[in-house]
Amino acid sequence: MSNLPNETLIPHIGVVTDVRIDTPDVKTFRVVAPEGGVCFKHIPGQCAMLSIPGVGEAMFSITSSPTNTDFMEFSIKKCGCLTSWLHMMEPGQQITIRGPYGNGFPVESDFKGKDLLFIAGGIGLAPLRSVINYVRHYRSNYGKVDIVYGSRSKDDLVDYNEILNEWCNEEGVNVYLTIDREQEGWDGHVGFVPNYVKELGFDTNKTAIICGPPIMIKFTLAGLQELGFDKTQVFTTMELKMKCGVGKCGRCNIGSKYVCKDGPVFRCDQLDELPNEY
Amino acid sequence: MYQIEKARLGELFARIAASGELILPVENNGTSQYGTWTPEVEVRLDRLNTVRSAKDCFFPQTENLMGFQMKGKEISIIDQRKPCEPFTVFGVRACDAASFGILDRVFLSEPVDTYYQSRRLAGTIVTLACGEPEETCFCSVFGIDAVKPGGDVSCWLTEDTLFWKSLTEKGDALTEKVKDLLTDGDEAALKAYQEKISAIHEKLPLKNLSLEGFNGDATEALFDRPEWAELSEACIGCGTCTFVCPTCQCYDIRDFDTGHGIQRFRCWDSCMYSDFTKMAGGNPRLTQKERFRQRFMHKLVYYPANNDGIYSCVGCGRCVAKCPISMNIVKVIKTLGVKNHE
Ligand SMILES: Cc1cc2nc3c(=O)[nH]c(=O)nc-3n(C[C@H](O)[C@H](O)[C@H](O)COP(=O)(O)OP(=O)(O)OC[C@H]3O[C@@H](n4cnc5c(N)ncnc54)[C@H](O)[C@@H]3O)c2cc1C
Ligand code: SF4
Ligand code: SF4
Ligand code: FES
């Protein structure tokens, strides 16, 4: 039916070319179009609907940077039906993919020329990794980069190798890792992300980007405000149940905003204008 | 403007049906439901509203989206969209006719929902003015005139005559097909009829329901009102109000293994259901209070906020008539509105 108009609900085929085990419950999947390259273009912070027909379809952040046109990557935490199935995949498996959905981060506007402070908890690093690698690619467009990343244990740090081998060794990029509890073989910082951020005490001229579980976002934002940050300087992403991805199935709204299309990225002062239902 | 004797409506329907499916209210176990016209069906133009609205014609309760074939590690996608054959919906009341504009703003905004769009393009809407409105009707509150019901063709049915007035190009095309059955309309007779039924509409009990206090900017003022607890207390979350509603648009997407492949389909869903927003990490609407509030805030505040102040309710009264606990949008408006204290 080649003469029919484009329909966003009809997905493309993606081929899984590589599976990386990041943590006991997170794997990162590399996905390419059957003819090679990425299935579509995106901006950092946007998401895609991945599906195994017959199993389910769900939204995932595109964790690779758009500067990478060879493939897309998704870091996926096993927590239910579809994600368990995805975790069993081996290279060569096809999936369906549609998108990109959502607004993405303002990498070409608000972030430009700013010192950036990334704060992530657990799988929350997935959407931030796209921005971080984008910023590293266009390094001269941005100021200093600080990354605070924490998880339950050292085994739960996603993309640990990339962080240690690339991010930690880069000029103008400071990485601060933390884990919730003492652990053998870990001589880094121990403690929760919000407290660590307060201890580190960042300059208030920075733009902060927080991503993680809702409770961590809440306390980190409070911590930043204690340091003197204004809500207009802080960005975060929201996660609600989604089906269509385009503001039509009526599922993901917070007040009058649809997270799938008006989000998932929000500035914290904009979130304040929405009813407290997330 | 044209007219035809009521006794000859069968001929009119046969003629319309000759050039494509004709959907109209038909008898269904003591109620009326939109159904396909055949010479055998019992057409019910006397009952005011069908149990379910006319949205099925454009946004059916279930519809296939696409198919998949799975072979080893490979997947092929089968685009099952077919061009929609032209069809006519007859007997649409003003409220349902207005609901299409509300659904259009959702489904025809970018990215366009092509399933809905193809039906919308193929369908011609013939409306019917309401001569005997129910006490539950309050379309006029939303600026809808049931005496001039809109659509591609508007009709008025008196005791012995159907008046026919085309309003659009699609309406003209349909009129052309049936023209030899019609005679020139008696403008004076139509005007007299319109005046007569206007007088009835003027006396409807909900006529003066005030929407003051409900608009796109009212989230803060309304969201935390304590009255939501009481309003929603008895709601059993059955979803009836959303299924009969012409403007409710929420849907689910699901897969079904046919044995020969995977069929992906969509079906109506309801924000009144407890698992509607349930996620791995919890549920932002934990109790029926939040779900109930969502439905009415969407109709009266969120939709207007995104759509130039237009409400997503057309006052058809279906939820008023059908809710098993007699809770409805009218009670919400009366309780939370600024000016409805009786
Ligand atoms: C914008 C956005 C971005 C996201 N990005 C990522 C990402 O980068 N990485 C990532 O890993 N995740 C991401 N997610 C989350 C991801 O979409 C979910 O983890 C995914 O939908 C889970 O799908 P599933 O089929 O595996 O789980 P499901 O099978 O749907 O189950 C999930 C959980 O819900 C519960 N549940 C579901 N149905 C029922 C039921 N009927 N009764 C009782 N309990 C039930 C279960 O407790 C289960 O643990 C994102 C979500 C959004 C909205
Ligand atoms: S909310 Fe009730 S009265 Fe309003 S359009 Fe829907 S069913 Fe009709
Ligand atoms: S308001 Fe009434 S019809 Fe709607 S879900 Fe609740 S009980 Fe059912
Ligand atoms: S996912 Fe359908 S409206 Fe957002």
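Each value, and the rule that gives it
Residues numbered from 1 in each chain as written. Chains lettered and ligands numbered in written order. Predicted model: local features only at pLDDT ≥ 70, side-chain atom pairs only at ≥ 80, totals over all residues. Heavy atoms only, no water. Pairing = 2+ DSSP bridges. Helix = DSSP H or I, 4+ residues; strand = E, 2+ residues; numbered from the N terminus. Contact = heavy atoms within 4.5 Å. Axes fitted to C-alpha atoms, helices over the stretch in contact; angles between N-to-C directions. Near = heavy atom within 4 Å. Polar contact = N/O pair within 3.5 Å; in protein donor to acceptor, adjacent residues only side chain to side chain. Areas by Shrake-Rupley, 256 points an atom, 1.4 Å probe, with all protein chains shown as cover. Domains from an automatic or database assignment. Buried area = accessible area lost by both parts, 1.4 Å probe. Salt bridge = Lys/Arg side-chain N within 4 Å of Asp/Glu carboxyl O. Nonpolar A, V, L, I, M, F, W, Y, C, P; charged D, E, K, R; others polar. Buried < 20%, exposed > 50% of the residue type's maximum accessible area, 1.4 Å probe, protein only. Right-handed = clockwise from strand over helix to strand, strands pointing away. Core = buried A, V, L, I, M, F, W, Y, C linked by side-chain atoms within 4.5 Å.

### Structural notes on the sheet that holds strand β7 (residues 123–128) of chain B
Residues and elements named next belong to chain B. The mixed open sheet is built from eight strands, whose spatial order is β3-β2-β6-β7-β8-β9-β1-β10. If you trace the sheet from one side to the other, it starts and ends with β3 (31–36) and β10 (183–184), each paired once. Bridge count between strand β2 (residues 21–28) and β3: six bridges; the pairing is antiparallel. Paired with Leu-24 across the strands is Gly-35, a residue of β3. Packing of helix α2 (residues 94–107) onto the sheet brings it into contact with β3, β6 (87–92) and β7, and relative to β6 it is tilted by some 135 degrees. Taken strand by strand, helix α3 (residues 114–122) contacts β6 and β7, and its axis lies near 65 degrees from that of β7.

### Brief notes about the site of ligand 1
Neighbouring ligand 1 are 21 residues, the closest being Met-59, Lys-77, Cys-79, Cys-81 and Thr-83 of chain A. Between ligand 1 and Met-59 of chain A, the relevant distance is 2.7 Å, taken from an oxygen atom to a main-chain nitrogen or oxygen of the residue. At a separation of 3.0 Å, a nitrogen atom of ligand 1 approaches a polar side-chain atom of Lys-278 of chain B. Coverage of ligand 1 by the protein chains reaches 67% of its 980 Å² of free accessible surface. Looking at the shell around ligand 1, the elements with two or more residues in it are β4 (56–61), β5 (72–77) and α1 (81–87) of chain A. Per-element tally for the shell around ligand 1: the top contributor is β4 of chain A, with four residues.

### Section: the domain arrangement of chain B
Residue and element names in this part refer to chain B. As far as domains go, chain B holds domain 1 (2–202) and domain 2 (219–336). For domain 1 and domain 2, the distance between their C-alpha centroids amounts to 25 Å. Listed by partner, the interface residues are 39 residues for domain 1 and 36 residues for domain 2. Together, the buried faces of domain 1 and domain 2 total about 3,200 Å²; carbon and sulfur atoms form 60% of this surface. By the criterion of area lost to domain 2, the three top residues of domain 1 are Ile-102, Arg-105 and Phe-142, representing 20% of everything that side buries. Note that Arg-105 and Asp-308 form a salt bridge whose closest N and O atoms lie 3.2 Å from each other. Counting the contacts that link domain 1 with domain 2 gives 23 residue pairs in polar contact (both at pLDDT 80 or more). Broken down by secondary-structure element, the contributors of at least two residues to the side of domain 1 that touches domain 2 are β4 (62–71), α2 and α3. Per element, the largest residue contribution to the side of domain 1 that touches domain 2 is 10 residues, and it comes from α2. Looking at the side of domain 1 that touches domain 2 residue by residue, the classes come out as 20 nonpolar, 12 polar and seven charged.

### Details of the pairing of strand β11 (residues 207–211) of chain A
Residues and elements named next belong to chain A. Counting buried positions along β11 yields five of five residues, so the element is predominantly enclosed. Alternating positions in β11 separate into two faces, Thr-207, Ile-209 and Cys-211 on one and Ala-208 and Ile-210 on the other, with burial throughout. For strand β7 (residues 116–121) and β11, the ladder comprises five bridges, and the chain directions are parallel. Residue pairing for β11: Leu-116 is matched across the bridge by Thr-207. Pairing geometry for β11 and strand β12 (residues 234–237), over three bridges, is parallel. When the sheet's bridge partners are listed, Ala-208 is paired in β12 with Val-234. Each parallel crossover has a hand, and for β11 linked through helix α5 (residues 214–227) to β12 it is right-handed.

### With respect to the domain arrangement of chain A
Residue and element names in this part refer to chain A. Domain boundaries assigned for chain A yield domain 1 (6–101) and domain 2 (115–237). On a C-alpha basis, the centres of domain 1 and domain 2 stand 24 Å from each other. Tallying the contact residues gives 21 residues for domain 1 and 16 residues for domain 2. Buried area between domain 1 and domain 2, both sides added, is near 1,300 Å², and the carbon and sulfur share of it is 56%. When the buried area of domain 1 at its contact with domain 2 is split by residue, Pro-44, Thr-63 and Thr-67 rank highest and sum to 33% of it. On the surface where domain 1 and domain 2 come into contact, there are three salt bridges.

### Concerning the site of ligand 3
Surrounding ligand 3, one finds Cys-235, Ile-236, Gly-237, Cys-238, Gly-239, Thr-240, Cys-241, Met-272, Cys-323, Pro-324 and Ile-325 of chain B. Here the shell around ligand 3 is built from residues that sort into eight nonpolar, three polar and no charged.

### Here's the deal with the nonpolar core
Of all hydrophobic cores here, the largest spans 93 residues; its most connected members are Phe-138, Phe-292, Leu-300 and Ile-329 of chain B. Examining the composition of this core, we find that eight residues originate from one element, α2 of chain B, more than from any other. Not counting residues within four places of it along the chain, the set of residues in contact with Leu-300 of chain B comprises Leu-211, Phe-214, Asn-215, Tyr-311, Ile-329, Val-332 and Ile-333 of chain B. If you look at the next biggest cluster of nonpolar residues, it comprises 30 residues, including Phe-111, Ala-120, Trp-167 and Trp-186 of chain A.

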